[in-house]
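Residue strings, one per chain:
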Amino acid sequence: MNQNESEVKISRRKLLGAASTAAVTGLMFGSGVGFARQGSVVTASVYGNASGDCCPYPNAILVTCFGATGDGSTDDTAAIQSAIDAAAAGSTVYFPSGTYIVTSLTIGKSIRFLSYDSATIKFKNSLGQRTVMFDIQTNGIDVSFENMIFDGNKDNQIAPDQLNRLYYRIVYWSARDRAYVNDKSFLSIRKCKFLNTPSNAIFLIGYDDADKADLDQSLLVKIEDNYFEKGYENAPGHLDTSVIAISGNCNGIVSDNTFIKNEPIAMYGLGAITITTADIAVEVFSSLVIRNNLFKHYGRQTTTGVGPIGVIDFYASCEKLLIDGNRFVDSYYAAIKGKTNSRNCIVTNNCIEGALINEKSIIKSFGISIGRGTYFGIYDKYTISNNIIKKIYGNGIEVIGSNAAFSPAPVGKIKDVLVTGNSVEVIAEPGTASYGVLVQHFENAVISHNILKNNDRAIYCSDCKVGAVITNNELFDTKKIFIIFQGFNNGETGYPDYNADLIVSNNLMRTTIEPDNLKFWCFYFEKLSNVASTGNVVRISGSTAAENFMRTGASILGNLSVHQNLVQGAVSAYFAVISGTVTQTQNLHNGVIVP
C-alpha cells in the first residue's frame, strides 16, 4: 500500500461502528438514515479504485478518494461535492482527519456525514454574504452529521454593520422553498462542534402552508450533544441573529448542547435558539423539546428592527413546547422569551443565574418573559414551574396576553396560566421596577408555592377576566406591595366588568420597610367580584409602619372574606376599604384579634 492509500484508509471497526450507529439512528427516527432506501450498494469500482482501499465497505466512502486534501489551504469544495454526488442514497460520507476548506456544498439525497478523527470543515476566506456550507435541497430525505467540526471562519468574512443583515449558514434546510414531498424529512446533528459561526450555525424552515402542517409532512429534527461557540452579532433581524433558527412545520428535540459566547459583546448580542413563523399570514405550529442545554453570555438587546431576542426565543406559533432543565449563565437579555400566540407551553426545571451588563445594555430584563402575541390568536395553557432565577435585574417571571386596547393586533385572553414552585431572587436597583411574578390580560391563573425575593411588587396581576388563586407563596424583602391584583373593566365583548374572583391564602410574607417608604401595603385589590383572604402570615420589621394590611380601590362588587390572617409588626390600619363588603373573623395583629 502506498503512502496516500495509508493516509486515507480507515479501520474496519470504525466503519462498522458507524454503520451500527446509523442503523440505531434510523430506528429512532423511523427512517433509513445511514442505509440506502433503494438498497444500493457502494463498490470500489464506482470510484475507479479496484483495490477497494478507498471504499472498502458497502455504504461508506471517503472524501479523500475524490481528491479532497484536508490540508487547511486547498479549496476542497469540488472534491467533496463529487463524493456527495457519487454516494448512493443512504450511504455514509466519511471525512478523515484534516481541515477541509469549502465554499458551498449541496445535498439532494439521504446521506450521513461522519468523522471519528476530528475533521474540520472550514469556510474559505472572504466569501460573499448568504453563503451556505451545507445546503439541503431535497425534501423527504434523511440527513445526519456526526462527530464533525464546522468552522465558520467569521473573522475572515464580511462583518455585519448596524444596517446590513449579512448571513453565512453552516447547515441550511428550507423545506418551504423546495419541491413538496408528501413525507417526513429527517435531520440529525450530534456530537459536532460549531466554531466561529458568522451567522446561523443551523437554519431550518419547514413547510408553512396550512395544508402541509401535520406531523406526516414535518421536518423532524434531532440536535444533541453539540458545542456552539462565538458568532456574529448581526444587524437588526430576528432569525439572522440566532445560532439555531427554526421556523414552520418543524418538530423534534434540541438537547444536551453547550452554547458559549466566549468573547465580549460587540454590538447587540446574539440569541441562541429562535423559533418563529415563516409566514405571518398562515398559522403553522412547531413542536419542540429544548432540554438540558447550557447557555453562557447569550441574548440580544436592541430596540431597533424586531427588538430584543431571548437566549431561547419562541416568537410565534409553538405548540407543545417544552423548555426543561436548561442552565443560563450571565444572559445579556431574557433567558427565555416568548409570545402568547403559542399554546401548551411548559417552562420547567431551568436555572437562570446572572445578568451580563455593559454600556450597551438598554433593557434590563433577564428572567422568563412571555409577552403579547403579534400574529394570529392568543392561546392558552402556559405552565412555568420549578425554575430557579437568581442574581438578575427586572422581572422574574411575566406572562402577558392581550385585550381590546391592542387592536388591531390579536386580541385574546390567556387561559390556564400556572406559575408554581419557582424561586426568584432579583438584584434590587433604585428606580427600576421589578416583579417576582407578573400576569396580565388573562382568564384564569394559579400562582402557588413560589419563593420570591427582593422585588418592588412580589406578585402583580391585572386585567383578570375570570379568576385566580394565589396560595402558599413565600414573599421576602418586598419593597412596596406583596400582592396587587386588578380585575377587568374594559367592556370587552364576552366578559362582564368586575367579574373576576380571587383567592389569596396561606402565603408567608416578610420584609423590612425602608424609612422613606410611607405607603407600603400588604394587599391591594380592585375591579373584582369577590375576594377571599385566609391563612396568610405577614411579618414586618423596620422603623416605618406599613400603611395597611389590606387596601381596596374602586369597583369590588361583592364580598371581601378575610379570615385567620396573622400580621406581626407595625401597621397603621389593618383595613382601608373603599369598595366591597368586608366579612372578617379571627384575624390577628401582634397577637390581638382585629375588631
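Everything numeric here is computed off the predicted structure, so don't read it as measured data.

A. Up close: the overall build of the protein. Counting secondary structure elements, the protein contains three helices and 52 strands. Counting all 595 residues of the protein, 60% fall into the buried class. Contacts spanning at least 24 positions in sequence make up 76% of the contacts within the protein whose residues lie at least 6 apart. Within the structure as shown, the protein displays about 21,500 Å² of accessible surface, and the carbon and sulfur contribution to it stands at 49%.

B. Layout of the nonpolar core. Within the largest apolar cluster, 126 residues are counted, with the highest numbers of intra-cluster contacts made by Phe-113, Phe-145 and Phe-525. With eight residues, the next largest nonpolar core counts Ile-400, Leu-438, Ile-481 and Tyr-524 among its residues.

C. Focus on the confidence of the model for the protein. Averaged over all residues, the pLDDT of the protein is 83; the fraction at 70 or higher stands at 81%. For the stretch residues 1-52, pLDDT sits under 50, and the model shows 88 contacts to residues farther than four places along the chain or on other chains.

D. Representation of the pairing of strand β45 (residues 537-541). Of the two faces of β45, the one holding Val-538 and Ile-540 is buried and the one holding Val-537, Arg-539 and Ser-541 is not buried anywhere. Bridge count between strand β42 (residues 508-512) and β45: five bridges; the pairing is parallel. From the neighbouring strand, Met-509 faces β45, where its bridge partner is Val-538. Of the pairings in the sheet, the one linking β45 to strand β48 (residues 566-568) comprises three bridges and is parallel in character.

E. The arrangement of the pattern of salt bridges in detail. Counted by the stated rule, this structure contains 16 salt bridges. For the salt bridge of Glu-224 with Arg-190, the shortest nitrogen-to-oxygen distance reads 3.3 Å. Of the two residues, Glu-224 sits in strand β15 (residues 219-224) while Arg-190 sits in strand β12 (residues 185-190), which places them 34 residues apart along the sequence. Of the two residues examined, Glu-224 and Arg-190, each falls in the buried class. Via salt bridges that share partners, Arg-112, Glu-146, Arg-190, Lys-222 and Glu-224 belong to a single interconnected network.

F. A look at helix α3 (residues 77-86). Within α3, burial applies to Thr-77, Ala-79, Ile-80, Gln-81, Ala-83 and Ile-84. Packed against the buried residues of α3 are β1 (60-62), β2 (71-75), β4 (99-102), β5 (105-107) and β6 (111-114).

G. Examining the packing of aromatic side chains more closely. One pass over the full model with this rule turns up 24 aromatic pairs. Between Phe-482 and Phe-520 the ring centres are 5.2 Å apart and the planes differ by 85 degrees, which places this aromatic pair in the edge-to-face class. With Phe-482 in strand β40 (residues 481-486) and Phe-520 in the loop between β42 and β43 (521-526), this residue pair connects regions lying 38 residues apart in the sequence. Phe-482 sits in the buried class, given a relative accessible area of 0%.

Reading the values: rules and limits
- Residues numbered from 1 in each chain as written.
- Predicted model: local features only at pLDDT ≥ 70, side-chain atom pairs only at ≥ 80, totals over all residues.
- Heavy atoms only, no water.
- Helix = DSSP H or I, 4+ residues; strand = E, 2+ residues; numbered from the N terminus.
- Buried < 20%, exposed > 50% of the residue type's maximum accessible area, 1.4 Å probe, protein only.
- Contact = heavy atoms within 4.5 Å.
- Areas by Shrake-Rupley, 256 points an atom, 1.4 Å probe, with all protein chains shown as cover.
- Core = buried A, V, L, I, M, F, W, Y, C linked by side-chain atoms within 4.5 Å.
- pLDDT = per-residue confidence, 0-100.
- Pairing = 2+ DSSP bridges.
- Salt bridge = Lys/Arg side-chain N within 4 Å of Asp/Glu carboxyl O.
- Phe/Tyr/Trp six-rings, centres within 6.5 Å; stacked < 30°, edge-to-face > 60°.

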